[in-house]
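Coordinates in review
In case you want the letters, here they are:
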Amino acid sequence: MSVPSGNTELLKAQFKVFSSHVPLMYSIIIINAWALAFTFWSAAPVWLSVHIPAFLTLICAGRLVLWWRSRHKVPTPEQAHKALTRTNQFAFLLTSGLTIWALSLYPYGDAYMQGNIAFFLAITGLGVIICFQPLPSTAFIVAIVLNTAFVSYFSLAGITAFVGMALNLLLVSIGLLLMLMVQFRHFSGAVSAQTKLEAANRENARLANLDSLTGLANRRQFFTQLDTLFSEAGSRRLAVGVIDLDGFKPINDLYGHKVGDALLREVGQRLSDLADSKTFISRLGGDEFALTVADCPDDARLLSLGEQICAALRTPFVLQDATVQISGSIGLSVYPQQATDVQQLYERADYALYQSKRTNRGHALLFSTEHVLAIEENHRLEQVLSKADLETELAVFFQPIIDIRNQKTMAFEALARWSSPVLGRVSPDDFIPVAERIGLISELTCVLLKKALAAACHWPEDVGLSFSLSTHDISSSDGVATIAGIILSSGIDPRRIDFEITETAMMYDFKQAKASIETIKRLGCGIALDDFGTGYSSLSQLHALSLTKIKIDRSFVSGLHENPASYKIVKSLLALSSDMGLGCVIEGVETREELDALEKLGGILVQGYFYSPPVPETEIARFLPADSQIRKAG
Ligand code: C2E
Ligand code: CA
């Protein structure tokens, strides 16, 4: 008659249901006992008609209070088992006590009062048995104690009516117990179905919160976790980091999704290896990961964690099918220093990531107050640019690209200028990214390209035009078709035009970039890779893109005559371009010393302030031979 302890969920359910029956059960016992005692007040001694029921009431009230206190608690299976076992033992004692007490009154009453005792025992006993429906073992104990006492006592009394009653009680008890058994089987079946359902729901919830590729938490779980950490943070620092891989897309495109997936898995593993108990890593989607650092250390240590992560991502990945190298940039922001709510905390980390990718790719950057000002300025820029009259406010300046062997102008690079009536002159470094973000860049490119081509119409036939395209221009076939239409209707020989694209443009969507480049090349235009050396192009990518030129970034040119590292880089880039049969323009030449050094290295095409900054169309005649000015006038 012990309580089975194997099924923990069933134990908890038994505990819960029984605790809801406890008040009713003790109410029945106490009220019925006092009702019986009352009928014996004048007949039985006071210790039997008052003291004992009072003592039993106290005990029952004590148990009732104990159960009442634990009614909202969710017990552990061990606690539930202990409580139910104690109930078993207590039920035996209480049933015995009540029965003995009630039968002790028997000699003091007349026939009616004795009948009342039998009635009390039968009705209270059956009521209690029903209350023990979730605990069949206890119901059995109560039934056995009650019936044994009842049947033996009243049979001995030898009164036929009582013997009949004892038989009735026995039969009803057996029937009731059988019914309880059936009910209990349904009850335990329902509990086990519920347990299975809950387990399945928990598993579903777990899977819904998991990134199936890396096994890390997914985007949804990241934000749930962030909400929780934020609500618990109080005045403690909470950091959010957003990580974006540099160079993942070309690897995915070139080597296929199998390698891409393996790379993402390994990235997830490396990030997890660096996480401690307070750092929580998630994959937001694609090649974007995120982390939260609860109770985060000071800025310097947070940044050093960020740099550790970047260093781990820079280490080559030896995968089954290929060994690849990428890098990752991280934007970080910290509550409460740099954000007041969860959304701002995430957005600011994301903004820092964007800045880190723009200015210090492959490293960690912490959001700061300067960024707040920049965001406000950007917001204003967005608003003014979206309302600007591009046709009248935009202009194109030109910077000559010179052949240093004979000082001849080979081409001009077209550079956008925006003169806003509201903001004044705005640098293209500021407004081009804004135009890209607000989806205005295609319109901007069209206006600028038309203006540049209109100017180039007046130049000698052998002077080319170099025009920069943005990532967005080559990431859709519609954009390229529009550009092709503008070139064809300009009347200019497409072979005079070079389109400059940056490495990041190709990283965005390598396949589409390649297709766009091929379309442009079919027209006869050249393709120059701008800012070469600053990104992550591999030689195989360069080859796959069939470029015609590379432009060596000005960061390598500045002071190259006194900086051996820059000197070596420019030297090898020149050798590379010549080996691959590509033209090479060296950007940003500012001094005679730089020019001399480049000349010694065999550089031919040069662009930079040494010759001229970008100038308006009206000033370019001085870079052209005298006879071409006649052409311009004509
Ligand atoms: P970029 O393509 O690298 O353009 C060269 C930038 O370097 C120009 O800045 C030019 O003025 C500057 N520069 C040229 N020579 C020197 C030099 O000797 N020293 C130094 N320190 N700088 C030199 P700008 O005109 O402000 O353009 C900045 C960037 O804006 C460009 O970089 C390009 O990425 C973007 N951009 C400009 N015009 C356009 C355009 O029409 N379309 C697109 N998509 N982007 C453009
Ligand atoms: Ca350029």
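First, a word on scope: everything that follows refers to the structure included in this document. Just so it is clear, the structure is predicted and the values come from calculations on it, not from any experiment.

Scanning the model with the defined rule gives 2 cavities of 30 Å³ or more in all. Here the largest cavity defines a volume of roughly 210 Å³. Forming the boundary of the largest cavity are 21 residues, of which Ile 29, Thr 95, Leu 98, Val 128 and Val 142 lie nearest the centre. Of all elements in the fold, only α1 (8-39), α2 (46-69), α3 (77-105), α4 (111-131) and α5 (136-157) reach the threshold of two or more residues within the lining of the largest cavity. The biggest single contributor to the lining of the largest cavity is α3, with 7 residues. Considered as a void within the structure, the second largest cavity measures approximately 40 Å³ in volume. Taken together, Ile 29, Ile 30, Ala 33, Pro 53, Leu 56, Thr 57, Cys 60, Leu 94 and Leu 98 form the lining of the second largest cavity. Of the residues in the lining of the second largest cavity, the class split is 8 nonpolar, 1 polar and no charged.

Moving on, we get to a negative patch on the surface. A cluster of like negative charges, contributed by Glu 376, Glu 377, Asp 429 and Asp 430, occupies part of the molecular surface. At the level of elements, α12 (369-387) and α14 (428-437) are the ones that each hand at least two residues to the negative patch. Here Glu 377 is to be found in helix α12. By relative accessible area, which is 59% here, Glu 377 ends up exposed.

A word on the side chain of Asp 553. Within the secondary structure layout, Asp 553 lies in the loop between β14 (549-552) and α20 (554-557). The charged side chain of Asp 553 is buried without a salt bridge, its nearest counter-charge being Arg 554 at 5.9 Å. A polar atom in the side chain of Asp 553 sits 2.5 Å from the side chain of Ser 555.

It is worth spelling out the packing of aromatic side chains at this point. Geometrically, a pair of aromatic rings is defined through the distance of the ring centres and the angle of the planes. Summed over the entire model, instances satisfying the criterion amount to 25 aromatic pairs. Pairing Phe 15 with Trp 67 gives two aromatic rings, centres 5.1 Å apart and planes at 40°, and the pair type is tilted. Here Trp 67 lies in helix α2 and Phe 15 lies in helix α1, a separation of 52 residues in the sequence. Phe 15 sits in the buried class, given a relative accessible area of 7%.

A few words on the pairing of strand β1 (residues 238-246). Counting buried positions over the 9 residues of β1 gives 9, a clear majority of the element. Judged by which residues are buried, β1 turns out to be covered on both faces: Leu 238, Val 240, Val 242, Asp 244 and Asp 246 on one side and Ala 239, Gly 241, Ile 243 and Leu 245 on the other are all buried. Relative to strand β3 (residues 288-294), β1 runs antiparallel, the two sharing 7 bridges. From the neighbouring strand, Val 240 faces β3, where its bridge partner is Thr 292. The pairing of β1 with strand β6 (residues 327-335) spans 9 bridges and is antiparallel. In the strand pairing of β6, Asp 244 is matched with Ser 329.

The rules behind these values
- Residues numbered from 1 in each chain as written.
- Chains lettered and ligands numbered in written order.
- Predicted model: local features only at pLDDT ≥ 70, side-chain atom pairs only at ≥ 80, totals over all residues.
- Heavy atoms only, no water.
- 1 Å grid on protein atoms, 1.4 Å probe; cavity = no way out; pocket = protein on both sides within 12 Å on 5 of 7 lines; lining within 4 Å.
- Points joined across faces, edges and corners; volume = space filled by probe spheres on them.
- Helix = DSSP H or I, 4+ residues; strand = E, 2+ residues; numbered from the N terminus.
- Nonpolar A, V, L, I, M, F, W, Y, C, P; charged D, E, K, R; others polar.
- Patch = residues over 30% accessible without salt bridge, like charges linked within 9 Å, V, L, I, M, F, W, Y side chains within 5 Å.
- Areas by Shrake-Rupley, 256 points an atom, 1.4 Å probe, with all protein chains shown as cover.
- Salt bridge = Lys/Arg side-chain N within 4 Å of Asp/Glu carboxyl O.
- Lys, Arg positive; Asp, Glu negative; His and termini not counted.
- Charge placed at Lys NZ, Arg CZ, Asp CG, Glu CD.
- Buried < 20%, exposed > 50% of the residue type's maximum accessible area, 1.4 Å probe, protein only.
- Polar contact = N/O pair within 3.5 Å; in protein donor to acceptor, adjacent residues only side chain to side chain.
- Phe/Tyr/Trp six-rings, centres within 6.5 Å; stacked < 30°, edge-to-face > 60°.
- Pairing = 2+ DSSP bridges.

Remember, this is a structural readout, not a statement about activity or role.
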